[in-house]
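Read off the chains here:
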Amino acid sequence: MPNDCFAAAADAGEPLPRYVCLTFDDGPSEHTGPILEILARQQVPATFFVCAQEINEPYLPLVRKIVQQGHQVAMHSASHKYAQIYQSTDAFWQDIKTLRQALEPYVTLADLTWLRFPGGSTNTVSHRYGGSGIMQRLKTQTEEKGWHWIDWNVCGEDATAAHPDADAILRNIQEDAEGRDTCVVLLHDAKAATHTAQALPAIIDWFRAEGYAFCTVAQLAELQTAAG
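Cut-offs and rules
Residues numbered from 1 in each chain as written. Predicted model: local features only at pLDDT ≥ 70, side-chain atom pairs only at ≥ 80, totals over all residues. Heavy atoms only, no water. Helix = DSSP H or I, 4+ residues; strand = E, 2+ residues; numbered from the N terminus. Salt bridge = Lys/Arg side-chain N within 4 Å of Asp/Glu carboxyl O. Buried < 20%, exposed > 50% of the residue type's maximum accessible area, 1.4 Å probe, protein only. Contact = heavy atoms within 4.5 Å. 1 Å grid on protein atoms, 1.4 Å probe; cavity = no way out; pocket = protein on both sides within 12 Å on 5 of 7 lines; lining within 4 Å. Points joined across faces, edges and corners; volume = space filled by probe spheres on them. Nonpolar A, V, L, I, M, F, W, Y, C, P; charged D, E, K, R; others polar. Expected span 1.5 Å × (residues − 1). Phe/Tyr/Trp six-rings, centres within 6.5 Å; stacked < 30°, edge-to-face > 60°. Lys NZ or Arg CZ within 6 Å of the ring centre and 35° of its normal.

What follows is about unusual backbone geometry. Note the cis peptide between G27 and P28, where omega equals 5°. Here P28 lies in the loop between β1 (18-25) and α2 (32-42). In this structure, H80 is a non-glycine residue whose phi angle is positive, near 60°. Residue placement: H80 occurs in the loop between β3 (72-77) and α4 (82-85).

Here you go:
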């Protein structure tokens, strides 16, 4: 476990290990199953920030498999429609309520305490709909609920309009990860992310070769808390 690795290093006075969280947004989809197979084969944990759009509905039972394989399920959005969810804070939380209802058959709702805001916590698109202060209000309200939010600092750009191939996704990640001891990698298991699964084995191999240990977002938070 990453926690044991962290404790051993701290006790020995050694440099703390490098950590990477692989995170997948906007699924589940037809690509989630192949991604889960690769993660299982490589024995790598990941965090899935899931949606409940109409396109996701046939694949929502995969959320149970995500949990069974030891990964973290976290909240992203029900609709992922900025114009709706960012109209107001009430609209955002209604969307999250809808998401949780959709996920209830597959996961223990009490375990859903982490979320990623569509577009990230510093997005400015939301300002068009809910004003310039909406993201700060949402971050504060998330914390008031006792929940947690997280962005990313490494991006594969696998869901962009450029549709990068597997090699390009890996290069994007390598460039963003340079010089970082802790990487939170944004990837996608959405229908449009057609090359992510193909890129994943090389991504895992590269981080391993660079000396990173893999953990979920929740585990990373525990490690950071333990580090003081």
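Let us now look at the pattern of salt bridges. Within this structure, the stated rule accounts for three salt bridges. Residue D25 pairs with R116 through a salt bridge whose shortest N-O separation is 2.8 Å. Of the two residues, D25 is situated in strand β1 and R116 in the loop between β4 (114-115) and α6 (127-130); the sequence distance between them amounts to 91 residues. Of the two residues examined, D25 and R116, each falls in the buried class. Among the salt bridges present, the one from E30 reaches K191, with a minimum N-O distance of 3.1 Å. On the criterion of sequence distance, the pair formed by E30 in the loop between β1 and α2 and K191 in the loop between β7 (182-188) and α9 (196-209) is long-range, its members being 161 residues apart. Residue classification places E30 among the partly exposed positions, given a relative accessible area of 38%. Classification of K191 by relative accessible area gives partly exposed; the value is 45%.

Bringing the environment of A78 into the picture now. Position of A78 among the secondary structure elements: in the loop between β3 and α4. Through-space distance from the C-alpha of A78 to that of D26 is 9.5 Å; in sequence the pair is 52 residues apart. What A78 contacts, discounting residues up to four positions off in sequence, is A52, Q53, D95, T98 and L99.

Attention now goes to the layout of surface pockets. Approximately 270 Å³ is the volume attributed to the largest pocket. For the largest pocket, the lining is made up of 18 residues, of which D25, D26, H80, A159 and H188 are closest to its centre. In terms of residue class, the lining of the largest pocket is built from seven nonpolar, six polar and five charged.

Bringing helix α8 (residues 166-177) into the picture now. Across its twelve residues, α8 extends 17 Å between first and last C-alpha, which sits within 8% of the 16 Å expected from 1.5 Å per residue. Buried residues of α8: A166, A168, I169, L170, N172, I173 and A177, and no others. Close packing links the buried residues of α8 with β6 (154-155), β7, α9 and β8 (212-214). Just downstream of α8, G179 is the residue with a positive phi angle, here 80°.

Turning our eyes to something else, we now look at α2. All of the buried residues along α2 are T32, G33, I35, L36, I38, L39 and Q42. Tucked into the core, α2 has its buried residues touching β1, β2 (47-51), α3 (62-68), β7 and α9. At the C-terminal side of α2, Q43 shows a positive phi close to 55°.

Further remarks concern the packing of aromatic side chains. Centre-to-centre distance and the angle between the planes together describe a pair of aromatic rings. Following the criterion strictly, the structure yields ten aromatic pairs and no others. When the centroid spacing of 5.0 Å and the interplanar angle of 90° are considered together, the rings of F207 and Y212 count as edge-to-face. Cluster of aromatic residues (ring-pair linked, three or more members): Y82, Y86, F92, W93, F117, W147 and W149. Cation over ring: R116 sits above F49, and NZ or CZ is 4.3 Å from the ring centre. In this structure, K145 is placed above the aromatic ring of W147, and the distance from its NZ or CZ to the ring centre is 5.4 Å.

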